[in-house]
Each structure stands twice: as C-alpha cells, then as structure tokens.
Amino acid sequence: MKKFIITALFIFAFTAGLFAQHANIALKAGVAYPETPESIGFDSALSIEVVINKYFGLGVESGFQWISQDASSGDSPVGDVPLTESMTIDYMSVPVLGYAKVFMQASPSVFPYIAAGAGYQWTGYS
C-alpha cells in the first residue's frame, strides 16, 4: 500500500503539469530548538504545486527532519571514581504529502485558500 501511495504521488507530480496554468516550486529549510535544552534540529522541505486554474491547485511535498539529543544515564561510581554514561540520539524523518487547494480570491492583494491532504512519514533513530 505504501508503494502504491508513493507511486501515485510521483505520477501526479509529473503528469499534472500537462494541464497546469503555472507551477510553484518551493525549497524550505530551518533550524529547530526542541524543548529539551540539549537538543537541536534541522528541518527542510521541497514542494511542487501545480495550479490547474484560478480556483484549484494540486501539490506534493517531501522533506527531511533531524533532531539530535544528548542523553546521560547519570553517575555510577566505580570504586572512588564517579562515571557518567552519555550518548547522542539522532531522530530522522522523511515525510511525503499530497494535497489539494481551493483558492478564494477576495481581492488582488488577499488570496486565501483551503487545503486538504494526506501523507506518510518514515522515522528512524540511531
């Protein structure tokens, strides 16, 4: 099922452009600071949006998210020497999302929209 969803999203991304008025490509990147002070993260995304007409658009988005966290298990003495065991945990995620937008142009400078989508995310750690 996962392979079917991913294949369908990529087929959409390359064939929807045949009927498009224009396409938008966006590359996003950022740094994240989670609540834990010893953590730092990176977030990136690439989206391709195809505007079919002035009221409707379709898009696909994927990215990479990484959070690194230092963890320690506390002091455990060996004789008279206190030892602290510490390690770094890396969490990595790759989301894939397909979405549709309905545009409602209120004025030339205001361009609200409603969007709905579905996706899947792979997450791993080391």
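Relevant structure appears above.
**Q** How should I be thinking about the overall build of the protein chain in this particular structure?
**A** Each helix and strand counted, the protein chain has one helix and five strands in total. Each helix and strand of the protein chain, placed in order from N terminus to C terminus, yields the pattern α-β-β-β-β-β. Looking at the 126 residues of the protein chain, the share that counts as buried comes to 21%. Carbon and sulfur atoms form 65% of the exposed surface of the protein chain, whose accessible area is close to 9,000 Å².

**Q** Would you mind going over the side chain of serine 68 with me for this structure?
**A** Tracing the chain through its elements places serine 68 in strand β3 (residues 56–78). At 3.0 Å, the side chain of serine 68 forms a polar contact with the side chain of aspartate 90.

**Q** Sorry, what's going on with the environment of isoleucine 25 here?
**A** Mapped onto the secondary structure, isoleucine 25 falls in strand β1 (residues 22–32). Judged by its relative accessible area of 67%, isoleucine 25 is exposed. For the pair isoleucine 25 and glycine 59, spaced 34 residues apart in sequence, the C-alpha to C-alpha distance is 9.6 Å. Apart from residues no more than four positions distant in its own chain, isoleucine 25 is found in contact with Leu46, Ser47 and Ile48.

**Q** When you look at the packing of aromatic side chains in this model, what are you seeing that I'm missing?
**A** The geometry of an aromatic ring pair is captured by two quantities: the separation of the ring centres and the angle between the planes. The final tally for this structure, using the stated rule, is three aromatic pairs. Taking the centre distance of 6.4 Å and the plane angle of 70° together, the rings of phenylalanine 103 and tyrosine 113 count as edge-to-face. One end of the pair, phenylalanine 103, is in strand β4 (residues 81–103); the other, tyrosine 113, is in strand β5 (residues 113–125), and 10 residues separate them in sequence. On the basis of relative accessibility, which here comes to 8%, the residue phenylalanine 103 falls in the buried class. The ring of tyrosine 113 carries lysine 101 above its face, with NZ or CZ at 4.1 Å from the centroid.

**Q** What is the right way to look at a nonpolar patch on the surface in this model?
**A** A cluster of nonpolar side chains, namely Phe42, Phe64, Met92, Val94, Tyr120 and Trp122, defines an oily patch on the protein surface of about 470 Å² accessible area. Elements that contribute at least two residues to the nonpolar patch include exactly β4 and β5. Mapped onto the fold, tryptophan 122 is located in strand β5.

Definitions and limits used
- Residues numbered from 1 in each chain as written.
- Predicted model: local features only at pLDDT ≥ 70, side-chain atom pairs only at ≥ 80, totals over all residues.
- Heavy atoms only, no water.
- Helix = DSSP H or I, 4+ residues; strand = E, 2+ residues; numbered from the N terminus.
- Buried < 20%, exposed > 50% of the residue type's maximum accessible area, 1.4 Å probe, protein only.
- Areas by Shrake-Rupley, 256 points an atom, 1.4 Å probe, with all protein chains shown as cover.
- Polar contact = N/O pair within 3.5 Å; in protein donor to acceptor, adjacent residues only side chain to side chain.
- Contact = heavy atoms within 4.5 Å.
- Phe/Tyr/Trp six-rings, centres within 6.5 Å; stacked < 30°, edge-to-face > 60°.
- Lys NZ or Arg CZ within 6 Å of the ring centre and 35° of its normal.
- Patch = residues over 30% accessible without salt bridge, like charges linked within 9 Å, V, L, I, M, F, W, Y side chains within 5 Å.
- Salt bridge = Lys/Arg side-chain N within 4 Å of Asp/Glu carboxyl O.

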